[in-house]
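# Structure at a glance
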Amino acid sequence: MSKKGLSGADVVVVGGGIIGLCSALHLQRRGYKVTIIDRGPPGNGASGHNAGLFSIGNCLPTATPGVIRSVPKMLLDPLSPLAIRWRYLPRLTPWLTRFLAASRPSRVEQLSVAIAGLQKQAVRAYADLLPMPDPDVGLFEGAHLLAYGSDAAFRKAQCGLEVRRARGIQVEVLDPSGIADLYPSLSGSISRGVLVPGSYYFDPPAFTAAVAARFREAGGRWLEYTVQDFQIKGDRVSALKTDDGRVRASLVVIAAGAWSRSLVRALGFDTPLDTERGYGVRIPDPGIALEGPLIYMDRHVGITPVPGWLLLAGTDELAGLHAPPDYARAEALIRAARELFPGMSTDGAQMWMSFRPSHPDSLPVIGRSPRQENVYLAYGHGHLGFTMGAITGEMIGQLVDAEDTTVDIEPFRPTRFRMLGRRYPMNTS
């Protein structure tokens, strides 16, 4: 669709996380009037609850060769880095079958190329949109460290390092002496490290709120509604039906994270979206001095220092949107961090659980709806939503204005999945 005749048109972005916010900011810059509809305030979802890292170094999909051998542990150990709740297994089976298929070596190679293509544009895309760094809004420049407590853990990581290098991602391997120079607080507790330079880290709720404030300052409108359905006329959405009435729209962007699947189903389309439930802890005064963000690879926990807080995040649980949280997983993050920092205080710690919207191939959907000409889709970014926020928003703006996209859109097309010919009724009322 060309922008011709649509300058100043009303765009409704469903979802106010970082993907929706960046899409909204890019569309505002292109002359559109944008409303965001979200069920809560900025930062209420995964964008406000994560490890606080731009993950520009991890271009591997979640499913990698050999993952099938981990399935029994996923089912039997509730504190496994990737766990499956038994009650959710019947519903998860189709997703899990696709997940295992995505772990074939040839497919992992293709997926890593696609992921790296977005990651390489991540920092540049944010810098085009916002001042970077900007400590006043909780955004800081700095490398992050992949920390290995043992040589055995480092040896197991060699395949991942080779893939990163093959994708052109810069990394620097550190021995104990190099770690002690850059991270004195880790001296003696880490065997090997991999430094990923050129990255940023952030305070998730503070930075999300700052991006939302920029959206409002540019004339954006934020509505705390829940979208329940759509009014469809022909091959276009003319309005969104919410719990507080109808909202008219000339263009619609679906960027509702883990809640996107029910929305696209209402539009007569589907993708195999599920949710990896991530856990984390915010500690207000940990009593340690960490020199920069790291991922403790032995325990799959991210540890990020931001002013006034230490952030812990990691592990995934496949249990859907409705099961109650299992905060034993958050407590396991604390125990893992104490392996590195035995004196860490947890007084006043705040535990959380958030939903990471994930396709089985670890790629987002970015593209126009195959059913409606004025609906665009941007969801399913898994662990990399913050990293890919600005580049996704840039590409949504390009698609809306019928321009070539910065990154090849083909791997992210909404129609890449075969959904058994399933079709959903379209509401034309």
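## Notes on the overall build of the chain
Across its full length, the chain holds 12 helices and 20 strands. Compactness check: the chain gives a C-alpha radius of gyration of 21 Å against a globular reference of 22 Å for 429 residues, within 12% of the reference. On the principal axes, the C-alpha backbone points of the chain span a range of 65 × 45 × 40 Å. Put simply, the chain has 429 residues, and 56% of those count as buried.

## What about the packing of helix α1 (residues 18-29) against helix α5 (residues 122-129)?
The interhelical angle for the contact between α1 and α5, taken along N-to-C directions, is 50 degrees, at an axis separation of 11 Å. Judged on the interaxial angle alone, α5 and α1 are oblique. For the pair α1 and α5, the sense of crossing is left-handed. Of the residues in α5, those touching α1 at Ile18, Cys22, Leu25, His26 and Arg29 are Tyr126, Asp128 and Leu129. Considering only residue class, the contact of α1 with α5 consists of five nonpolar, one polar and two charged.

## Description of the packing of aromatic side chains
Between two aromatic rings, the relevant description is the distance of the centres plus the angle of the planes. The final tally for this structure, using the stated rule, is 12 aromatic pairs. A ring pair is formed by Phe54 and Phe202, whose centres lie 5.3 Å apart and whose planes are at 55 degrees; its orientation type is tilted. With Phe54 in the loop between β2 (33-38) and α2 (71-76) and Phe202 in strand β8 (residues 200-202), this residue pair connects regions lying 148 residues apart in the sequence. The class of Phe202 is buried, set by a relative accessible area of 0%. Geometrically, the ring pair formed by Tyr148 and Phe154 is edge-to-face, given 5.4 Å between the ring centres and 75 degrees between the ring planes. Of the two residues, Tyr148 and Phe154, neither departs from the other in class, the shared state being buried. Each member of the aromatic cluster is reached from another via a ring pair, and the members are Phe54, Tyr126, Tyr200, Phe202, Phe207 and Phe386. The positively charged end of Arg282 is found above the aromatic ring belonging to Trp309, 4.3 Å away from the centroid.

## Some details on the packing of α1 against helix α9 (residues 204-217)
At a minimum axis distance of 10 Å, the contact between α1 and α9 shows a crossing angle of 25 degrees. One finds that α1 runs roughly parallel with respect to α9. In terms of crossing hand, the pair formed by α1 and α9 is left-handed. Across from Ile18, Leu21, Ala24, Leu25 and Gln28 in α1, the residues of α9 making contact are Thr208, Val211, Ala212, Arg214 and Phe215. Its residues placed into classes, the contact of α1 with α9 shows seven nonpolar, two polar and one charged.

## Here we look at the environment of Leu76
Among the structural elements, Leu76 can be located in helix α2. Judged by its relative accessible area of 66%, Leu76 falls in the exposed class. When the C-alpha atoms of Leu76 and Trp86 are compared, they prove to be 8.7 Å apart, with 10 residues separating the residues in sequence.

## Looking at the confidence of the model for the chain
Residues shown with low pLDDT carry predicted positions that ought not to be read at fine detail. Mean pLDDT over the chain: 93, with 96% of residues reaching 70 or higher. With pLDDT under 50 throughout, residues 423-429 is counted as low confidence; its partners more than four residues away or in other chains account for 23 contacts.

## Things to note about the pairing of strand β1 (residues 10-14)
In terms of residue burial, β1 counts as a mostly covered element, since four of its five residues are buried. Where β1 lies against β2, five bridges are found, and the strand directions are parallel. Its bridge partner being in β2, Val13 is matched across the sheet by Ile36. With α1 bridging β1 and its parallel neighbour β2, the resulting β-α-β unit is right-handed.

## With respect to the pairing of strand β13 (residues 251-254)
Side chains of β13 alternate between two faces, with Leu251 and Val253 and Val252 and Ile254 buried alike. Sheet analysis places β1 next to β13, joined by four bridges and oriented parallel. Bridging across to β13, Val14 finds its partner in Ile254. Bridging between β13 and strand β20 (residues 375-379) involves three bridges; their strand directions are parallel. Paired with Ile254 across the two strands is Leu377, which belongs to β20.

## Section: the state of the cysteines
What the rule picks out here adds up to zero disulfides. Between Cys59, a free cysteine, and Cys159, which holds the nearest cysteine sulfur, the sulfur-to-sulfur gap is 10 Å.

## Quick notes on the nonpolar core
Judged by nonpolar contacts, the single largest core of 79 residues is most densely connected at Phe54 and Tyr126. No other element matches helix α12 (residues 385-400), which puts eight residues into this core. Residues within four places of Phe54 in sequence aside, it is in contact with Tyr126, Met132, Leu139, His144, Ser199, Tyr200, Phe202, Phe386 and Thr387. Counting residues in each nonpolar core, the second largest holds 29 residues, with Leu145, Ile190, Leu290 and Tyr296 among its members.

## Digging into the sheet that holds strand β11 (residues 236-242)
The three strands are arranged β10-β11-β12 in an open sheet whose pairing can be described as antiparallel. The sheet is open, and its two edges are formed by β10 (227-233) and β12 (245-248), each paired on a single side. Here the average twist between neighbouring strands, direction ignored, is 30 degrees. As defined by bridge partners, β10 adjoins β11 across six bridges and the pair is classed as antiparallel. Looking at β11, one finds that Phe230 is bridged to Leu240.

Parameters at a glance
- Residues numbered from 1 in each chain as written.
- Predicted model: local features only at pLDDT ≥ 70, side-chain atom pairs only at ≥ 80, totals over all residues.
- Heavy atoms only, no water.
- Helix = DSSP H or I, 4+ residues; strand = E, 2+ residues; numbered from the N terminus.
- Rg over C-alpha atoms; globule rule 2.2 N^0.38 Å.
- Buried < 20%, exposed > 50% of the residue type's maximum accessible area, 1.4 Å probe, protein only.
- Axes fitted to C-alpha atoms, helices over the stretch in contact; angles between N-to-C directions.
- Parallel < 35°, antiparallel > 145°, perpendicular 65-115°, else oblique.
- Left-handed = near helix turned anticlockwise from the far one by under 90°.
- Contact = heavy atoms within 4.5 Å.
- Nonpolar A, V, L, I, M, F, W, Y, C, P; charged D, E, K, R; others polar.
- Phe/Tyr/Trp six-rings, centres within 6.5 Å; stacked < 30°, edge-to-face > 60°.
- Lys NZ or Arg CZ within 6 Å of the ring centre and 35° of its normal.
- pLDDT = per-residue confidence, 0-100.
- Pairing = 2+ DSSP bridges.
- Right-handed = clockwise from strand over helix to strand, strands pointing away.
- Disulfide = S-S within 2.5 Å.
- Core = buried A, V, L, I, M, F, W, Y, C linked by side-chain atoms within 4.5 Å.

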